[in-house]
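Structural characterization, general
The residues making up each chain are set out below.
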Amino acid sequence: MDEAARALCRRLGVEDPRHIEIESKRRVRAEQAEDLREHLFGLKGVRHVRESSFFDQYLDTPELTLLRAGASLRLRYKGDGTYVYLQYKGPGFHEKGALFRSEFSSDRLASAVREESHHDIVHFADISVMDILRRHSDPAMAGAMRRHLGERTIARVNRGVILCLYRKDKFRFKIGDGVLEPSLDKLCAFHIRPAGLHPLSTFWEFENEVKSEAIAFKLERLDELRKFDSRLARRFDLPSEKLDKYHRCAAHFEPLRRPLKARRSKPGAASA
């Protein structure tokens, strides 16, 4: 591991640079989303991989400790809810339009999906986040979460605060031994409140990521990611987005705005 990779690992609180994600995010106005999608289909060298739909349940403590820490934890449901896993993204930082953060995923939680009658029911009443980390995840995931959040915080994660439905168009653009993976996402997010109706927020987002097993390659190709994004931004006026999906979803709901503003106002606070 070279010095740049070691420095990133120290800053992000991880032991293996393979768990470091580097991506960019840009806001997309609803009225320009279809034109942007068609433009991506027509770009030379860009290949459409697939269109998919899935949903996430973002988890947190009653006090929204993960939200304030700049982290996110979500149960991702794919395959009509039959493929479920836990994903954690740690606090990160922005540099020249790119978001650096850690990323971990558990194994498939097959034991949580049980067939009852003619429906597949996903049960989490009898399993906790701590159980998932012990039984279904790599030790590196649990270790990073303990360093970032602490054991007591992890044990207190017991709320699904936001339910988010995605429609994602994923593309690929070959660069050397790796690829850029741009995507256009439509999100419909419900803030789950203890009582009453659930507020809904709908928005679009463009993401781009350098995909490679080697962190050195990701760092070397960041300029190509930025150039790709800049060309699209000039054509479609796509402002940079510094919030990840959890924090952007939360920012739309009045009860969550104050803690977000307070967290961002602190000098040196991490963005995620």
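First, a word on scope: everything that follows refers to the structure included in this document. Worth saying up front: this structure is predicted, and the values here are computed from it rather than measured.

Topic: empty space enclosed by the protein
In total, this model carries one cavity of 30 Å³ or more according to the counting rule given. If you add up the space inside the largest cavity, you get close to 40 Å³. Lining the largest cavity, in full, are Val 14, Glu 15, Asp 16, His 19, Phe 104, Ala 140 and Arg 147. Split by residue class, the lining of the largest cavity holds three nonpolar, one polar and three charged.

Section: the layout of surface pockets
One number sums up the size of the largest pocket: a volume of about 900 Å³. Lining the largest pocket are 40 residues; nearest its centre among them are Glu 21, Gln 87, Glu 103, Glu 209 and Lys 211. If you tally residues by element for the lining of the largest pocket, the top one is strand E2 (residues 46–60), at five residues. Its residues assigned to classes, the lining of the largest pocket comprises eight nonpolar, eight polar and 24 charged.

Describing the packing of helix H2 (residues 33–42) against helix H8 (residues 222–236)
The geometry of H2 relative to H8 is characterised by a closest axis approach of 11 Å and an angle of 135° between their N-to-C directions. Considering their axes alone, H2 and H8 lie oblique with respect to each other. Considering how the two elements wind past one another, H2 and H8 form a crossing that is right-handed. Contacts from Asp 35, Leu 36, His 39 and Leu 40 in H2 reach Phe 228, Leu 232, Arg 235 and Phe 236 in H8. Classifying every residue of the contact of H2 with H8 by side-chain character gives five nonpolar, one polar and two charged.

Digging into helix H1 (residues 3–12)
For H1, every residue scored as buried is listed here: Ala 5, Leu 8, Cys 9 and Leu 12. Angular distribution of buried residues about the axis of H1 spans 100°; they occupy a single face of the element. What points out from H1, more than 90 degrees from its buried face, is the exposed set Arg 10 and Arg 11. Structurally, H1 contributes buried residues whose contacts are with strand E1 (20–28), strand E5 (93–95), strand E6 (98–105), helix H5 (139–149) and helix H7 (215–220). Where H1 begins, the capping side chain belongs to Asp 2, and its oxygen is found 3.3 Å from the backbone nitrogen of Ala 4. Directly after H1, the chain includes Gly 13, whose backbone phi takes a positive value near 70°.

Concerning the pairing of strand E12 (residues 200–211)
Counting buried positions along E12 yields nine of twelve residues, so the element is predominantly enclosed. For E1 and E12, the ladder comprises six bridges, and the chain directions are antiparallel. If you follow Lys 25 over to E12, its bridge partner there is Glu 207. Taken together, the two bridges between strand E10 (residues 178–180) and E12 define a ladder with antiparallel strand orientation. In the strand pairing of E12, Val 179 is matched with Lys 211. Pairing of strand E11 (residues 183–191) with E12 involves eight bridges; the strand directions are antiparallel. What sits directly across from Ala 189, in E12, is Ser 201.

Examining the pattern of salt bridges
Taken as a whole and judged by the stated rule, the model has 38 salt bridges. Measuring nitrogen to oxygen at the nearest pair gives 3.1 Å for the salt bridge that ties Glu 3 to Arg 10. The salt bridge partner of Glu 207 is Lys 25, with a shortest N-O separation of 2.3 Å. A residue pair is termed long-range when its members are at least 10 positions apart, and Glu 207 in strand E12 and Lys 25 in strand E1 qualify at 182 residues.

Quick look at the nonpolar core
With 54 residues, the main nonpolar core has Leu 73 and Leu 86 as its most contacted residues. At six residues, the largest contribution of residues to this core is made by H8. Filtering out sequence-adjacent residues up to four positions away, Leu 86 remains in contact with Leu 59, Leu 73, Arg 74, Leu 75, Phe 104, Ser 105, Ser 106, Leu 109, Val 129, Ile 132, Leu 133 and Met 141.

Definitions and cut-offs
- Residues numbered from 1 in each chain as written.
- Predicted model: local features only at pLDDT ≥ 70, side-chain atom pairs only at ≥ 80, totals over all residues.
- Heavy atoms only, no water.
- 1 Å grid on protein atoms, 1.4 Å probe; cavity = no way out; pocket = protein on both sides within 12 Å on 5 of 7 lines; lining within 4 Å.
- Points joined across faces, edges and corners; volume = space filled by probe spheres on them.
- Nonpolar A, V, L, I, M, F, W, Y, C, P; charged D, E, K, R; others polar.
- Helix = DSSP H or I, 4+ residues; strand = E, 2+ residues; numbered from the N terminus.
- Axes fitted to C-alpha atoms, helices over the stretch in contact; angles between N-to-C directions.
- Parallel < 35°, antiparallel > 145°, perpendicular 65-115°, else oblique.
- Left-handed = near helix turned anticlockwise from the far one by under 90°.
- Contact = heavy atoms within 4.5 Å.
- Buried < 20%, exposed > 50% of the residue type's maximum accessible area, 1.4 Å probe, protein only.
- Arc of directions from axis to C-beta.
- Polar contact = N/O pair within 3.5 Å; in protein donor to acceptor, adjacent residues only side chain to side chain.
- Pairing = 2+ DSSP bridges.
- Salt bridge = Lys/Arg side-chain N within 4 Å of Asp/Glu carboxyl O.
- Core = buried A, V, L, I, M, F, W, Y, C linked by side-chain atoms within 4.5 Å.

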